[in-house]
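# Descriptive structure summary
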Protein chains: 2
Amino acid sequence: MLLELKNEGRHPAGRQIVTQIQDLIQEGHLNPGECLPSTRRLGEQLGLHRSTIANAYQELWALGWLELRPGTLPRVRRRGALKTAATPLTGQFPWAERMVVPPPEPMPVPNPAETPVSFNTLGMDPRLMPVEPLARSLKAVLRREGAQLLDYGDPQGLQTFRECLSHRMAQHGITASPEEILVTHGAQQALDLALAGLTRPGDAILVESPTYNQMLKLLALRRVRPLAIPTGATGLDLAALEALIQKEKPALLYTMPSFQNPTGRSLTQAQREGLLALCEQYALPILEDGFEEEMTYFGRPVLPLKSMDRSGLVLYSGTFSKVLFPGLRVGWLVGSRACVETLATVRRAVDLGTPPLLQAALEDFIRKGHFDQHLARLHRAFRRRMTACLAALRRELDPEQVRWEAPLGGYLVWLKVEGLPTSLDLEEALLAHGIQVRSGNRFFIESQEGGPYLRLSISNLDETDIARGIARLGAGLRALKAAHALTL
Amino acid sequence: MLLELKNEGRHPAGRQIVTQIQDLIQEGHLNPGECLPSTRRLGEQLGLHRSTIANAYQELWALGWLELRPGTLPRVRRRGALKTAATPLTGQFPWAERMVVPPPEPMPVPNPAETPVSFNTLGMDPRLMPVEPLARSLKAVLRREGAQLLDYGDPQGLQTFRECLSHRMAQHGITASPEEILVTHGAQQALDLALAGLTRPGDAILVESPTYNQMLKLLALRRVRPLAIPTGATGLDLAALEALIQKEKPALLYTMPSFQNPTGRSLTQAQREGLLALCEQYALPILEDGFEEEMTYFGRPVLPLKSMDRSGLVLYSGTFSKVLFPGLRVGWLVGSRACVETLATVRRAVDLGTPPLLQAALEDFIRKGHFDQHLARLHRAFRRRMTACLAALRRELDPEQVRWEAPLGGYLVWLKVEGLPTSLDLEEALLAHGIQVRSGNRFFIESQEGGPYLRLSISNLDETDIARGIARLGAGLRALKAAHALTL
């Protein structure tokens, strides 16, 4: 094969190799099925490192000119390069008119001069993820069980993994057999499956207001009407809730009793018992979102509603995304068999199930004790981080202008800002001061009551990030207040 | 720690260890936070292998009595064993009344005396899966990119993986930039997302009849009405289709142009062009399901509709589930940006995205050439298997009683059985003869036209399985026909 590299400095050698081989194929000097030299041989011939040749071959593969197979020489593609007739997608089909859901929201663009501190992310700090033990578990289960972990599995989830989840649930006071557990693609899918199985378009559902904003998006997709659970000065207003249940006959009540998103608040034991008794009286199923169940690091844990559920009306959703690996997308639902097994048929229809490989690897990881060890480390880290956050809030913010409650755990602090108009776009205004926060109005059902509010999540920030971010928040809010005072 | 093992033979040593340690904790002889001896030490003390002790400790962990952490001694759980108040889920909540979807269908139980040959499974034969190279790719990407692959990713899919898919699509004549690709949780979710984004409850959708039965389940969940695409003696009836489009104004047309499920049929080039022109004329979006696009192993491949789509009205779904690893649940949608980017927001709401780890591992696997190598091996295997299947059908079945067409690739053969009533439950009747098949009536929109039909899938069967299975099918059908003749 004749390649000539020109040393003019403008065209890198790899680029020239790609172009010249393309030309040789197109002009018929290299024919389909013919082999090219090995990366080592061509590298020696041209006086280049073999990785340069390997990269050029990969690009030619990517462009459809070569076939690459381990252990054999590269070959010119037999079917010809691209199969002809490729028409670019420049068409003018009126998709925007056809979509029955809204297009993506524009994202505010950070000031490129300064990396903002983000109080948006609610997940797991990658710096704290136990990656090595997971890699070992992946390797161990694939070696032990092989191809069956790469085949379709039970849409309800691997039996042994559900046994493992059953044991973990017992540690939160929840008794559930593996048959009463459905593995889901994260807690997000657990919520969507519950809506698919228990609501019809036009039905009403009771939710806290403010509540998890992605739940509001799910409700819109499923065409279900959210109704605010009434609250009084001390939290839940059970009398008003009872009246609303009688009037609206909702299909479901959705609640996050611990470290609620976005407020970080937890229901007291008495509130939990009252809510459960009321729902029992009206045979109203509860969807309990235990998304941060494992994150009690101050004080004594409160039991989930599901642990006190005698009649079986609570459907509980759990997840590893807030305490382990969000990107594995593994969550679960716990409920009565009649409910869970029917939701498994919905799961089968929507996506056929969670990858068995990931379930088996997590099970191995948990059974070897890595999860308990990791949780202990996570709690130590967040006792420090949340303490640092609350200290910084006291230090940097004017208590007359900003109010908050100290949470009992989790990642969230909910701020109520006084003296600024609720119409102000605080996300954009504070981004100019170098921080990303979620504005409270994303979380309310309709219009925001009072405020403006801000949700801070510290899940991905260490003490240094937190101190820097809260200082910027204080400075930003002072500047906004001064500017607002001027315009009044 | 004092443990006494009784050698009575009735209670295994491990069981006795579990019970005695439980008793020691409950009676206060072992307190929360106290350490237990290492598996080695306790093993030596009791004269048992350390793995017996390790298993007993694991069971005690699973029951909530111990904390196990790598590199430290086992410890009695600090929070006390189970947190009290655990109430069994014996409740009588009327879930069956509350579910808006049907419960699971009962499954026919095979005769335990004989393992049936299953022509049901439509996936990938685990015996042909390239497990080792995937294990290496998983290890390589985790080592290279670490925790970021375990964090939430872009709900549209990893950018580099979408580039890789873009290159593969080019090999089927489809030009699509990474921005025009959405990674999904298998093709099944791709179909569900298209329905969520493009249909409202009550809308009509055109589908082939018979069609993919899990698509019919999705339509029921989304409350969308299926309408049969009219067919004549030679396939598609475009004139009748045009009249139906005018009358019903469907929101979408769903088609599997190659190796259709369940019939195994492929549209001709002329039919593809006609269908595309008609949909263009009526601005009717097409959802093209390319679930076996890679499985042309007889003759020349026909180009997908998407490759000829000038106006951008085709939304194409692809998958690795039928040719690689079904259990990784990775598929994708290709379409215009306005459509794909909006569907990515739906994807975000329903489950936040596909695990980045699995996308990165597949990308590494593909870029190293393992996919091309595997496909070549798969095509060789299925040229042999399908040839064996068609030969066995000719050998074992009465051509007067059973008719079929030889497919151009894929895994499916569609049989039309003559001389038996369509009301006969062929699945159950043939299970008694040692084979599992799908009855055709699962795939029709409403009532089955003609038949009875049977769908055979050979995806998970080798030549020996196929020969044995088709012989049983022949014997079974002959017996059924004889029995039926007697009752007439």
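A quick note: this is a predicted structure, and the numbers were derived from the prediction, not measured.

### Comments concerning the sheet that holds strand S6 (residues 225-228) of chain A
Residues and elements named next belong to chain A. Pairing within the open sheet is mixed, and its seven strands lie in the order S4-S12-S11-S10-S9-S5-S6. Taken across any chain shown, the strands that pair with only one partner, and hence form the sheet edges, are strand S4 (181-184) and S6. Recorded for the sheet is a direction-independent mean angle of 25° between the axes of neighbouring strands. Note that strand S10 (residues 286-289) and strand S11 (residues 314-319) share four bridges and pair parallel. Across the sheet, residue Glu288 finds its bridge partner in S11, namely Tyr316.

### Considerations on the pattern of salt bridges
Tallied over the entire structure, the rule returns 55 salt bridges over all chains. Residues Glu418 of chain A and Lys416 of chain A are paired through a salt bridge, measuring 3.3 Å at the closest nitrogen-oxygen approach. Linking Arg168 of chain B and Glu294 of chain B is a salt bridge whose minimum nitrogen-to-oxygen distance equals 3.8 Å. Of this pair, Arg168 of chain B sits in helix H6 (residues 159-170) while Glu294 of chain B sits in the loop between strand S10 (286-289) and strand S11 (314-319), and the two are 126 residues apart along the sequence. Neither residue differs from the other here; Arg168 of chain B and Glu294 of chain B are each classed as buried. Look at the salt bridges and you will find they share partners, linking Asp125, Arg127, Arg385, Asp462, Asp465 and Arg468 of chain A into a network.

### Comments concerning the interface of chain A and chain B
Taken residue by residue, the interface counts 123 residues in chain A and 121 residues in chain B. Carbon and sulfur atoms supply 62% of the area that chain A and chain B bury against each other, a total of about 10,600 Å² over both sides. On inspection of chain A and its partner chain B, the count reaches zero salt bridges. Across the chain A-chain B interface, the total number found is 31 residue pairs in polar contact (both at pLDDT 80 or more). With 12 residues, helix H11 (residues 337-351) of chain A is the single largest residue contributor to the side of chain A that touches chain B. Among the residues forming the side of chain A that touches chain B, the class breakdown is 61 nonpolar, 36 polar and 26 charged.

### Some details on the sheet that holds strand S14 (residues 412-417) of chain A
In a beta sheet, neighbouring strands are held together by backbone hydrogen bonds and run either parallel or antiparallel to one another. All names here are of chain A. Across the sheet, four strands lie side by side as S13-S14-S17-S16; this open sheet has antiparallel pairing. The sheet is open, and its two borders are formed by strand S13 (402-403) and strand S16 (438-439), each paired with just one other strand. The strands touched by helix H13 (residues 370-396) are S14 and strand S17 (453-457); relative to S14, the strand with the most contacts, the crossing angle is about 15°. Those strands touched by helix H15 (residues 463-487) are S13, S14 and S17, and its axis lies near 165° from that of S17.

### Details of empty space enclosed by the protein
Residues and elements named next belong to chain B. Counting across every chain of the model gives nine cavities of 30 Å³ or more. In this model, the largest cavity occupies a volume close to 170 Å³. Taken together, the residues of the lining of the largest cavity break down into nine nonpolar, two polar and five charged. Approximately 100 Å³ is the volume attributed to the second largest cavity. Taken together, 16 residues form the lining of the second largest cavity, with Gly290, Glu293, Glu294, Thr319 and Trp332 sitting closest to its centre. Looking at the lining of the second largest cavity, the elements that each hand over two or more residues are H6 and S11. A total of three residues in the lining of the second largest cavity trace back to one element, the largest contributor, which is S11. Residue classes in the lining of the second largest cavity are distributed as eight nonpolar, four polar and four charged.

### Considering the confidence of the model for chain A
Residue and element names in this part refer to chain A. Looking at chain A, pLDDT values average 91 and 95% of them are 70 or higher. Contacts of residues 80-89 to residues separated by more than four positions or lying in other chains number 31 contacts, the stretch itself having pLDDT below 50. Overall fold confidence for the complex sits at a pTM of 0.85, while the interface term, ipTM, reaches 0.85.

### Things to note about the relation of the copies chain A and chain B
Expressed as a screw operation, the relation of chain A to chain B combines 0.0 Å of axial shift with a rotation of 180°, fitting to an RMSD of 0.2 Å. The superposition of one copy onto the other is thereby described by a two-fold rotation axis. Looking at chain A, 98% of its interface residues are interface residues in chain B too, so the copies touch through the same face.

### Describing unusual backbone geometry
Omega for the bond connecting Asn261 of chain A with Pro262 of chain A falls within 30 degrees of zero, at 15°, which places this linkage in the cis form. Phi at Ala283 of chain B is positive, roughly 50°, even though this residue is not glycine. Structurally, Ala283 of chain B can be placed in the loop between helix H10 (269-281) and S10. Phi at Arg329 of chain B is positive, roughly 55°, even though this residue is not glycine. In this structure, Arg329 of chain B sits in the loop between S11 and strand S12 (331-334).

### Focus on the side chain of Asn460 of chain B
On the secondary structure map, Asn460 of chain B appears in the loop between strand S17 (453-457) and helix H15 (463-487). Take Asn460 of chain B: its relative accessible area is 16%, and that puts it in the buried class. For Asn460 of chain B, the side chain forms a polar contact with the side chain of Ser459 of chain B, separated by 2.9 Å. Beyond its immediate chain neighbours, meaning those up to four positions away, Asn460 of chain B contacts Asp151 of chain A together with Thr121, Gly123, Met124, Asp125, Pro126, Arg127 and Asp465 of chain B.

### Some details on helix H2 (residues 39-46) of chain A
Residues and elements named next belong to chain A. Regarding H2, the residues found buried are Thr39, Leu42, Gly43 and Leu46. Along H2, the residues classed as buried sweep out an arc of 105° about the axis, all on the same side. More than 90 degrees from the buried face of H2, the exposed residues found are Arg41 and Glu44. After H2 finishes, the residue Gly47 shows a positive phi value of roughly 70°.

Calculation rules
Residues numbered from 1 in each chain as written. Chains lettered and ligands numbered in written order. Predicted model: local features only at pLDDT ≥ 70, side-chain atom pairs only at ≥ 80, totals over all residues. Heavy atoms only, no water. Pairing = 2+ DSSP bridges. Helix = DSSP H or I, 4+ residues; strand = E, 2+ residues; numbered from the N terminus. Axes fitted to C-alpha atoms, helices over the stretch in contact; angles between N-to-C directions. Salt bridge = Lys/Arg side-chain N within 4 Å of Asp/Glu carboxyl O. Buried < 20%, exposed > 50% of the residue type's maximum accessible area, 1.4 Å probe, protein only. Contact = heavy atoms within 4.5 Å. Buried area = accessible area lost by both parts, 1.4 Å probe. Polar contact = N/O pair within 3.5 Å; in protein donor to acceptor, adjacent residues only side chain to side chain. Nonpolar A, V, L, I, M, F, W, Y, C, P; charged D, E, K, R; others polar. 1 Å grid on protein atoms, 1.4 Å probe; cavity = no way out; pocket = protein on both sides within 12 Å on 5 of 7 lines; lining within 4 Å. Points joined across faces, edges and corners; volume = space filled by probe spheres on them. pLDDT = per-residue confidence, 0-100. Least-squares fit on C-alpha atoms with pLDDT ≥ 70 in both. Arc of directions from axis to C-beta.

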